[in-house]
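# Examining the three-dimensional arrangement
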Amino acid sequence: MRLVLAHARENVEGRSRAMDHLKALIRDVPDFPTKGILFKDITTLLKDADAFGEVIDRMASRYVDDEIDLVAAIESRGFIFGAPLAYELGLGFVPVRKLGKLPAETIEQEYTLEYGSNHLEMHVDAVQPGQRVLIVDDLLATGGTAKATAQLVERLGGIVHGFAFMVELTFLNGRSRLEGYDVFTLIQY
Ligand SMILES: O=P(O)(O)OC[C@H]1O[C@H](OP(=O)(O)OP(=O)(O)O)[C@H](O)[C@@H]1O
Ligand SMILES: Nc1ncnc2[nH]cnc12
């Protein structure tokens, strides 16, 4: 939690400089996975130990004083951020998975995203009624994936504490799909 406290004290210019540094580590890949999509490739940031650690610390500093029971993260890139964040906050971790991956009884939710559609699943016993759940993913685009996850959590009786993403593609207006929820993003395009 060393950096968590440092981040809470930094000024606006310091934060903006730090965000520019993180942004520079994310690579644009045109026409992936389909023509017309500009893919934000985070692998170039993840392999930088300081940058990856900084992202997790900054996310943790946003929630360190909050009352949260669980972190739920979305397969697969969401797991990269959700698991270390849960560890740093001292919380349990719930995987939200693509169809057919979870072994026990599940509930499922269909959704659309920037480049397709799919189904997400959660175990029916993953969240107890009344538990507060922080939903984590790498990137907010249209918000379809995040919204479906909130629906799953709420169908189980959980309370969505908020959403945390490293990247937000603001031009796709995903926030409007998540109206009424607290949405935190570190880097915006
Ligand atoms: O806001 P949306 O339009 O819903 O898009 C965002 C989602 O798209 C990506 O996942 P993807 O389905 O590509 O899976 P992956 O994490 O396994 O790469 C990303 O990790 C988010 O989960
Ligand atoms: N443009 C994009 N880049 C990376 N991941 C995404 N998920 C949805 N849209 C995306």
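These figures come from a predicted structure and were not determined experimentally.

Turning to the packing of helix α2 (residues 12-24) against helix α4 (residues 49-63), a few remarks are in order. Packing of α2 against α4 leaves a shortest axis separation of 11 Å and a crossing angle of 130 degrees. Judged by the angle between their axes, α2 and α4 are oblique. Taken as a pair, α2 and α4 cross one another with a handedness that is left-handed. Residues Arg15, Ala18, Met19 and Leu22 of α2 touch α4, and the partners they reach there are Ala51, Glu54, Val55 and Arg58. Partitioned by chemical class, the residues of the contact of α2 with α4 number five nonpolar, no polar and three charged.

Quick look at the environment of Glu168 now. Inspection of the secondary structure puts Glu168 in strand β8 (residues 159-168). Accessibility expressed as a relative area gives 5% for Glu168, which makes it buried. With 113 residues separating them in the primary sequence, Glu168 and Val55 have C-alpha atoms 14 Å apart. Excluding its chain neighbours within four sequence positions, the residues that come into contact with Glu168 are Leu140, Arg175, Thr185, Ile187, Gln188 and Tyr189.

In this structure the tally under the stated criterion is nine salt bridges. Of the charged contacts, one joins Arg58 and Glu54 as a salt bridge, the two residues approaching to 2.8 Å between their closest N and O atoms. Pair noted here: Arg58 and Glu54 are both in helix α4, with a separation of four residues, about one helical turn. Just as Arg58 is buried, Glu54 falls in that class too.

On to the site of ligand 1, then. As a structural note, the neighbourhood of ligand 1 is formed by 15 residues, with Tyr115, Asp137, Asp138, Thr142 and Thr145 the closest of them. In the model, an oxygen atom of ligand 1 is placed 2.4 Å from a nitrogen or oxygen of the Asp137 side chain. Measuring from an oxygen atom of ligand 1, one finds a side-chain N or O atom of Asp138 at 2.6 Å. In the complex, the protein chains occlude 87% of the 500 Å² of accessible area that ligand 1 would expose alone. Taken atom by atom, the bulk of ligand 1 overlaps the largest pocket. Of all elements in the fold, only β7 (132-140) and α6 (144-155) reach the threshold of two or more residues within the shell around ligand 1. Residues that form the shell around ligand 1 fall into these classes: four nonpolar, five polar and six charged.

Conventions adopted
- Residues numbered from 1 in each chain as written.
- Chains lettered and ligands numbered in written order.
- Predicted model: local features only at pLDDT ≥ 70, side-chain atom pairs only at ≥ 80, totals over all residues.
- Heavy atoms only, no water.
- Axes fitted to C-alpha atoms, helices over the stretch in contact; angles between N-to-C directions.
- Helix = DSSP H or I, 4+ residues; strand = E, 2+ residues; numbered from the N terminus.
- Parallel < 35°, antiparallel > 145°, perpendicular 65-115°, else oblique.
- Left-handed = near helix turned anticlockwise from the far one by under 90°.
- Contact = heavy atoms within 4.5 Å.
- Nonpolar A, V, L, I, M, F, W, Y, C, P; charged D, E, K, R; others polar.
- Buried < 20%, exposed > 50% of the residue type's maximum accessible area, 1.4 Å probe, protein only.
- Salt bridge = Lys/Arg side-chain N within 4 Å of Asp/Glu carboxyl O.
- Near = heavy atom within 4 Å.
- Polar contact = N/O pair within 3.5 Å; in protein donor to acceptor, adjacent residues only side chain to side chain.
- Areas by Shrake-Rupley, 256 points an atom, 1.4 Å probe, with all protein chains shown as cover.
- 1 Å grid on protein atoms, 1.4 Å probe; cavity = no way out; pocket = protein on both sides within 12 Å on 5 of 7 lines; lining within 4 Å.
- Sits in = over half its atoms within 2 Å of the grid points.

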